[in-house]
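Observations on the three-dimensional arrangement
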Amino acid sequence: MSAGRILVVDDEPQIRRVMRTTLVANGYEVDDARTAEEALEKLRTGRYDALLLDVNLGDANGIELCRTIRRERPNLEPSILMLTVRNTEKDKVQALDAGADDYITKPFSTPELLARIRAALRRMPAGATAAPESITLGGTVVDFAAREVTSRGIKTRLTVKELDLLAYMAGHANRTLTHRELLQAVWGPEYGDEQEYLRVFVNRLRKKMEAEPGKPKFLLTEPWVGYRLILPR
Amino acid sequence: MSERATQTMSLAARFAASVAIVAGVTFVCYRVTPVNATTAGFAYLLAVLLIAAGWGLWESIVASVAAMLLYNYYFLPPIETLTISDPQNWAALFAFVVTAVIASHLSTQARRRTEEALRQKREMERLYALSRAILLAESARDGAKEMAHQIARTFELPAVILYEPTTGIFHRAGPADLPGVEEKLKQAALQGTQYTDTRGDLVVTAIRLGGKPIGSLALVRPELSDSALQALVNLVAIDLEQAHNREAVSEAAGARRSQELKSTLLDAIAHEFKTPLTGMKAAASALRTGSVSNESSRQELVTVLDEEIDRLNQLVSEAIETARIEAGKLQLNRDWHAPEELLTDVAREFQAASAVRPLGVKPAPGLPRVFVDADLLRLALRQLVHNAMRYSLAGTAVTMSAHCMDNRVFLTVTDYGPGISERDQERIFEKFTRLQAGPGHPAGTGMGLAIAREILRAHGGDVIVRSREGAGAEFSLAIPLECPATDNSTATAIGEKQ
């Protein structure tokens, strides 16, 4: 049985070759695309669990492509991993803001890549989060089973990581959760220092469920420590 | 000299005319309509008055003396005799002379005032024209030189020199030459003094800004009032200051631009080098940790590793070549080579990439060999192919061809990309220039064509571009068939050996 279907989007033939070889050897089904256009075409017809997306595509900007995928195909929620040679905080935040779930700096080692893909594909087992089936926060209803947020009549889908993060916080509601705890629970045991991930994901969640994302009432920041979800009882 | 002669002539003529007018009055009063002595006296007085007002003091004095003598001879008894003893004569002469002096003085003054007003008006107009020119001046380049020309033109001066101590340049303007004033200019600029030669033909003055001399100006026959000269000097000071400010601003902009270029260049280098490194690291780490167990997959990874090491090696050699060319130490290691071999060598290197884009090689048959540095020529050719692939759409063909014409061999790379506008065709050879025309802002260092041109010029050839917007581009390396004179001996020697 396949460990998952992965679409590699990179304009460099040699990198596609290496990725295909190593991923196939590790039980994944691999497809690849050289250009943004080709990638969009493949997403239209096929279903993928994860996308490995190069930021510097020959004919387009990978970050733009990521944004397009998230905007145009809200019902597909493949995990998106961005690959790039830049590694400043600003670049990471930019990629995550565009809708990516993780970020890998080139050059990377194969074990690291495999671990990241595993983390991206990892679904929290149902029940592990101890979250209720749905929660109501003011005028917003979050349906975990349907992966849906209904806020003032508008429905939005949650990506896998957004859903896991919110479910974990709902399962541990009204308690301050540290950055490390959240990262390890949602992304995996290899994570712990990537606070910018949380910052971006919490912002993404606030946009989907808070009435005023700039002045959150439910998803609160605990400065220097972590985050807390207020769940009215 | 001739001018002075004309002046003397006209003065003598005017004296004669004055005497003639007085004689005419006498003729009319004595012969035509005989009048009494009093009326004649008034008539003479009127003539003297008009002469004084019209011409000046000396003409009217001559007229006064003539009038007194004729009045005495024809009108004062005893008539037709000259007797000065009568006090009436003295009274008449006195009246004529006083009239002459007062009238000429008044009219001279009026005339002088008019002239002064006209001169001031002209000065004002010229200063205005000059200040307008300064305000409208845009480019920082040659600000002072342009200023000197502007002064000479506006004030119609035969020679103007503007000296700038910061650059040490004497900006000369005007049709005449002005030798030997450099020392005076330097002194004026240093000490802030003003010098005027005895005849007022030459003025050398300091240009001050905020009390501090910042330059000096020499003018030939300026015919300017002191205040106008001062205003002119102030205008020049403002202009020089403006030019300096403009220069400072454009320098700052240049520095900022070069900073941007550097970071673009760094980005491009990072991408170029990290791409093979990424493939190598991924393949090597997979092999080391046993992430890939299947033998054929391991073989595939080793192949990629090998190829990417070659590619990295290629990049490093290119970087070194580039640095060598940049440093200006381009030493040609020339030998005889077949053009088609150069093409196929380069085509082979692009094999992996040409899976995406068909790369055709079409040399004309029977081409003569060329005497070149093959490494450098291949480097130049690679830049052209790289560009063709970067700037044209995936799937469109790139063709390499070679032909011989007018004693030159052309190695040409043709693509069917968006083409290059005429305006951009010269710009692309400048360092760090990268056109945005390709699909999605292609990466690159913006050095490729500059390097290619440098290489070809060292061979006595050039890089030639032919393109129309929207209709692809054709880049040719033009290599001269004859070897440069200095290489003749080696060329023949090697040629004979073969």
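Parameters and conventions
Residues numbered from 1 in each chain as written. Chains lettered and ligands numbered in written order. Predicted model: local features only at pLDDT ≥ 70, side-chain atom pairs only at ≥ 80, totals over all residues. Helix = DSSP H or I, 4+ residues; strand = E, 2+ residues; numbered from the N terminus. Buried ≥ 20, exposed ≤ 12 C-beta atoms within 10 Å, placed from the backbone. Contact = placed C-beta atoms within 7 Å. Pairing = 2+ DSSP bridges. Axes fitted to C-alpha atoms, helices over the stretch in contact; angles between N-to-C directions. Nonpolar A, V, L, I, M, F, W, Y, C, P; charged D, E, K, R; others polar. Parallel < 35°, antiparallel > 145°, perpendicular 65-115°, else oblique. Arc of directions from axis to C-beta. pLDDT = per-residue confidence, 0-100.

Counting its secondary structure elements, chain A contains eight helices and twelve strands. Split into buried and exposed, the 233 residues of chain A put 46% on the buried side. Taking the intrachain contacts of chain A between residues at least 6 apart in sequence as the baseline, contacts between residues at least 24 apart amount to 58%.

What follows is about the overall build of chain B. When its secondary structure is counted, chain B shows 13 helices and twelve strands. Residues classed as buried in chain B amount to 31% of the 498 residues present. Of the contacts formed within chain B by residues at least 6 apart in sequence, a portion of 63% connects residues at least 24 apart.

A word on the sheet that holds strand β3 (residues 50–54) of chain A. Residues and elements named next belong to chain A. Strand order in the open sheet formed by five strands is β2-β1-β3-β4-β5, with parallel pairing between adjacent strands. What marks the edges here is a single partner per strand, and that holds for β2 (29–33) and β5 (102–105). Across the sheet, the mean angle from the axis of one strand to that of its neighbour is 20°, orientation sign disregarded.

Counting residues at the interface gives 31 residues for chain B, matched by 25 residues for chain A. When residues of the side of chain B that touches chain A are traced back to their parent elements, those giving at least two are α7 (226–289) and α8 (295–326) of chain B. Looking at the side of chain B that touches chain A element by element, the count peaks at 13 residues for α7(B). Here the side of chain B that touches chain A is built from residues that sort into 15 nonpolar, eleven polar and five charged.

When two helices pack together, you describe them by how their axes are tilted relative to each other and by the distance separating the axes. Residue and element names in this part refer to chain A. One way to put it is that helix α6 (residues 160–171) packs onto helix α8 (residues 195–209) with a least axis distance of 10 Å and a crossing angle of 85°. Judged on the interaxial angle alone, α8 and α6 are roughly perpendicular. On α8, the residues touching Lys-161, Glu-162, Leu-165 and Leu-166 of α6 are Phe-201, Arg-204 and Leu-205. The class makeup of the residues in the contact of α6 with α8 is four nonpolar, no polar and three charged.

Below, the discussion takes up helix α3 (residues 62–72) of chain A. All names here are of chain A. Residues of α3 that are buried: Gly-62, Ile-63, Leu-65, Cys-66 and Ile-69. For α3, the angular spread of buried residues about the axis comes to 160°, placing them on one side. Of the exposed residues in α3, those oriented more than 90 degrees away from the buried face are Arg-71 and Glu-72. Buried residues belonging to α3 abut α2 (36–45), β3, β4 (79–84) and α4 (89–97).

What follows covers the pairing of strand β6 (residues 134–137) of chain A. All names here are of chain A. Residues Ile-135 and Leu-137 of β6 are buried on one face, while the alternating residues Ser-134 and Thr-136, pointing to the opposite face, are not. Pairing geometry for β6 and strand β7 (residues 140–143), over four bridges, is antiparallel. Along β7, the bridge assignment pairs Ser-134 with Asp-143. Counting the residues that bridge the hairpin from β6 to β7 gives two residues, and of these Gly-138 lies at a positive phi of roughly 60°.

On to the pairing of β7(A), then. Residue and element names in this part refer to chain A. Note that β7 and strand β8 (residues 148–151) share four bridges and pair antiparallel. Note on β8: the bridge partner recorded for Thr-140 is Ser-151. Counting the residues that bridge the hairpin from β7 to β8 gives four residues, and of these Arg-147 lies at a positive phi of roughly 55°.

Let us look at the sheet that holds strand β4 (residues 202–209) of chain B. All names here are of chain B. Ordered by their spatial adjacency, five strands build an open sheet running β2-β1-β5-β4-β3, and the pairing between neighbours is antiparallel. The open sheet terminates on both sides in strands that have one partner only, identified here as β2 (169–173) and β3 (194–196). Here the average twist between neighbouring strands, direction ignored, is 20°. Across eight bridges, the pairing between β4 and strand β5 (residues 212–220) is antiparallel. Directly across from Leu-209, in β5, lies its bridge partner Lys-212.

Okay, the confidence of the model for chain B next. All names here are of chain B. Overall, the prediction assigns chain B a mean pLDDT of 80, with 86% of residues at 70 or greater. Note that pLDDT drops below 50 for residues 437–443; the model gives that stretch 17 contacts with residues more than four away or on any other chain. Note that residues 484–498 has pLDDT below 50 and, in this model, ten contacts with residues that lie over four places away or in other chains. Here the complex is predicted with pTM 0.54, and the ipTM for its interfaces comes to 0.79.

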